[in-house]
Each structure stands twice: as C-alpha cells, then as structure tokens.
Amino acid sequence: MTVAVVTAAHDFRRACQEARVDGELALVPTMGGLHAGHTSLIKAAAQRAPTVAVTIFVNPAQFGPGEDLASYPRDLASDLREVEKAGGTFVFAPEPAEMYPPGFQTWIEPGALAATLCGARRPGHFRGVCTIVGKLFALSRADAAFFGEKDYQQLLVIERMVKDLNIATEVIGRPTVREPDGLALSSRNAYLSREERMRATALWKALQAARRKFAEGEKNPARLEQLAREIIEADGLRVDYAEVRDPLELQRPAQADAASRLFLAAFLGKTRLIDNGQLG
Ligand code: AMP
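Let me begin by describing the structure that accompanies this report. Keep in mind the model is a prediction, meaning the values are calculated, not measured. Residue numbers restart at each chain and count upward from 1, following the sequence in its written direction. Per-residue local features of the predicted model are confined to residues with pLDDT of at least 70, and side-chain atom pairs are confined, for both listing and counting, to 80 or more; whole-chain, interface and lining totals are unaffected and use all residues. The side-chain figures draw on all heavy atoms in the structure; neither hydrogens nor water molecules are used.

1. Description of the sheet that holds strand β8 (residues 261-268)
Consideration 1: In spatial order, the strands read β7-β8-β9; together these three strands make up an open sheet with antiparallel pairing. Each edge of the sheet is formed by a strand with only one pairing partner; in this case those strands are β7 (238-245) and β9 (271-278). In this sheet, neighbouring strand axes are inclined to one another by 10 degrees on average, regardless of whether the strands run parallel or antiparallel.
Consideration 2: For β7 and β8, the ladder comprises seven bridges, and the chain directions are antiparallel. Bridging across to β8, Arg-245 finds its partner in Arg-261.
Consideration 3: This element, helix α9 (residues 202-215), spans β8 and β9 of the sheet and lies at about 25 degrees to β9.
Consideration 4: Any pair of residues with heavy atoms lying within 4.5 Å of one another is described as a contacting pair. Axes here refer to lines fitted to C-alpha atoms; in helices the fit is confined to the stretch in contact. Angles between the N-to-C directions go from 0 to 180 degrees. Runs of H or I in DSSP of at least four residues are treated as helices and runs of E of at least two as strands, each being numbered from the N terminus. Against the sheet, helix α10 (residues 221-234) contacts β7 and β8, and its axis sits at roughly 155 degrees relative to β7. Here a strand pair is declared whenever DSSP counts at least two bridges between the two strands.

2. A short note on the site of the ligand
Consideration 1: The criterion for a residue being near a molecule or strand is simple. One of its heavy atoms has to lie within 4 Å of it. The local shell around the ligand holds 17 residues, among which Met-31, His-38, Asp-151, Val-177 and Leu-185 are the closest.
Consideration 2: Here a nitrogen atom of the ligand and a backbone polar atom of Val-177 are 2.8 Å apart.
Consideration 3: Areas reported as accessible are Shrake-Rupley estimates using a 1.4 Å probe. Residue values count occlusion only from the protein chains shown. When the ligand is considered free in solution it has 480 Å² of accessible area, and contact with the protein chains removes 93% of it.
Consideration 4: When contributions to the shell around the ligand are tallied by element, the ones reaching two or more residues are β2 (25-30), α2 (36-48) and β5 (144-148).
Consideration 5: Residue classes follow a fixed rule: Ala, Val, Leu, Ile, Met, Phe, Trp, Tyr, Cys and Pro count as nonpolar, while Asp, Glu, Lys and Arg count as charged, and any other residue, Gly among them, counts as polar. Class assignment of the residues belonging to the shell around the ligand gives a composition of eight nonpolar, seven polar and two charged. Within 3.5 Å is the distance limit for a polar contact, defined as a pair of N or O atoms, with the added protein rule that one can donate a hydrogen and the other accept it, and that residues adjacent in sequence qualify only through two side-chain atoms.

3. Description of the nonpolar core
Consideration 1: Take the buried residues of types Ala, Val, Leu, Ile, Met, Phe, Trp, Tyr and Cys, join any two whose side-chain atoms come within 4.5 Å, and each joined set is a nonpolar core. Relative accessible area decides the class of each residue, using a 1.4 Å probe on protein chains only: under 20% of the type maximum gives buried, over 50% gives exposed, and in between gives partly exposed. If you look at the biggest cluster of nonpolar residues, it comprises 42 residues, and the most contacted ones within it are Phe-12, Phe-137 and Ile-158.
Consideration 2: Contributing elements (two or more residues each) for this core: α1 (9-22), β2, β4 (90-92), α5 (117-121), α6 (125-140), β5, α7 (152-164) and β8.
Consideration 3: Residue contributions to this core peak at eight residues, all from α6.
Consideration 4: Core analysis: the second largest hydrophobic core is formed by 24 residues, Ala-228, Ala-256, Leu-262 and Leu-279 among them.

4. A short note on the side chain of His-38
Consideration 1: Positionally, His-38 belongs in helix α2.
Consideration 2: Using a relative accessible area of 12% as the deciding quantity, one classes His-38 as buried.
Consideration 3: Setting aside anything within four residues of it in sequence, one finds His-38 in contact with Thr-30, Gly-32, Gly-33 and Ser-187.

5. Overview of unusual backbone geometry
Consideration 1: For Arg-141, which is not glycine, the phi dihedral falls at a positive 45 degrees.
Consideration 2: With respect to the element layout, Arg-141 can be found in the loop between α6 and β5.
Consideration 3: In this model, Asn-166 sits at a positive phi of 55 degrees, which is unusual for a non-glycine residue.
Consideration 4: Owing to a relative accessible area of 70%, Asn-166 belongs among the exposed residues under this scheme.

As structure tokens, this is what we get:
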C-alpha cells in the first residue's frame with residue numbers, strides 16, 4: 001500500500017478541502033528525489049497536523065537555460081515509499097502542463113531578498129519558486145507549510161511573499177539535515193561520482209572553519225569569506241559565491257555577529273552545491 005496520488009489540480013484542491021474539514025492541513029512542497037532532508041519536513045508536518053500533503057513537482061519555471069531540468073532525478077515510486085514511511089497522507093504530483101497550461105501568463109515577482117546570492121546567479125529562479133509555491137498555497141489553503149534551511153534564502157523569500165500577499169499559510173523553517181560527514185543532503189548529490197562525493201564536503205569544511213575563525217574573534221566578513229573560498233577551492237571546486245549576510249535582510253554586515261550566516265555555492269564538476277549556516 002502506498003499513499004494516494006493526485007495529478008490534477010482540481011483533485012488536489014478537493015482533497016485539501018476535505019482534509020481541512022477534519023483539522024489542520026500541513027503542506028510539504030518538494031521536487032522529488034526524496035531524501036532524509038525532505039522526510040524530516042514530512043515528519044515535522046505530521047507532528048503539526050493530522051493531514052500532510054506532499055507535492056512532488058520538478059518546476060520548470062525555476063530552472064534557467066542550461067541548468068539541470070532534464071536530468072533532475074525523478075523516481076515517483078521511490079518517492080511515494082518515502083512519503084508513506086515518513087507519515088505523509090497524500091501526494092500531488094502534477095505534470096508541467098497541469099501547472100502551466102497554455103495561456104499561463106501571471107507570475108509572482110519577488111523583490112530585494114530574491115535579487116542577491118542564488119537570485120543573482122540564477123536570474124528568474126525565485127520568480128519561478130514564488131509562482132509555484134503561491135499556486136500550491138492557493139490550491140491547498142494549507143494551515144502550515146514546511147521548508148528547509150538548506151535553502152535559507154528561499155525560506156526568507158517565501159516568508160516575505162506570504163506577508164506581502166496576505167496568504168494565511170504559516171511558513172515553518174526546519175534545520176538542514178546532513179550526512180555523517182557534514183554534506184547537506186540534496187537531490188543533486190545523486191549526480192556526484194564517487195570521487196566527487198568525497199570532495200563534496202568542502203562546503204561543510206568551509207562553514208566549520210569560518211565558525212572556528214569567528215569563535216576565535218574574526219569578525220571581518222571579507223576575511224571569513226576568503227577563508228571559506230580557499231578551503232572550497234583547495235578541494236578543486238569552483239566557488240559561485242561565499243558571502244556573510246545578516247539572517248533577515250541578507251545584507252552584508254559591517255561586522256559579523258553570532259547570528260550572521262555564511263552562504264556558500266560552488267560547482268563540483270557540473271553539479272552546483274549550496275550550503276549555509278549561522279556563524280555563532
Ligand atoms: P527540493 O526538493 O530540493 O526543492 O526541496 C524541497 C524542500 O526540502 C525545501 O524546503 C528544501 O529546503 C528542503 N530540503 C532540501 N534538502 C534539505 C536538507 N538537507 N535538510 C532539510 N531540508 C531540506
């Protein structure tokens with residue numbers, strides 16, 4: 001027995017409507033390729049609400065030209081087993097044409113929070129994220145929706161969207177789940193060769209080194225960023241960005257403090273890895 005799957009938007013809306021009669025509905029939006037990071041969100045959602053809707057949709061609108069839309073891991077049968085084990089109630093797994101039918105032309109355009117870091121490197125990415133998440137919130141009218149701090153900027157952008165558009169769904173952020181060696185779980189880790197997988201810990205090593213340096217008294221953002229860059233590059237990755245930012249507006253602080261976060265993105269071969277964490 002696996003969880004029920006709906007693929008039509010109107011069926012998803014109806015299933016959510018029925019669930020909300022009995023109590024709260026929690027939503028966990030994903031792109032599939034489910035791993036323990038995703039299932040931690042589903043488990044947290046199941047603690048919050050009797051019904052947990054998990055969405056599995058590789059959203060074309062958040063991929064840029066030349067990115068990995070075509071090769072992104074897709075294995076619905078395996079994903080359904082993971083949802084079931086974690087305590088999800090049902091799954092919405094639409095085809096792209098269901099979410100973006102002919103004539104589709106209305107987008108949610110986020111502001112300054114989405115213009116920096118991944119938003120600067122992936123133009124249009126957060127517009128695609130906000131639009132799909134906004135659509136999922138409109139369909140589900142979920143009481144709460146769960147997102148990972150692995151994608152910390154995404155979490156902030158969605159929190160801002162919910163405030164700005166008066167959406168009633170409560171946005172809940174959850175900590176990053178890591179492999180025993182520190183690598184943040186990601187569906188994209190499946191792209192890594194055995195040899196790349198060993199070097200993929202570079203971002204975690206950089207984050208830990210920056211934390212140690214900060215604890216020793218280094219408050220200068222540029223020096224902490226430089227240290228992170230050197231560690232990532234020493235393992236042969238290409239740094240996309242290494243930035244110390246405040247945790248609310250994502251601005252660069254004059255002096256890092258314990259709440260400041262280090263944001264990292266780097267290419268390992270063709271695979272783009274991201275990570276982030278608080279310095280203190
Ligand atoms: P994705 O399928 O990559 O779009 O991710 C779906 C949700 O899972 C997002 O809210 C992510 O932030 C979250 N997520 C992905 N990886 C992790 C992780 N390692 N730990 C916690 N949450 C994660």
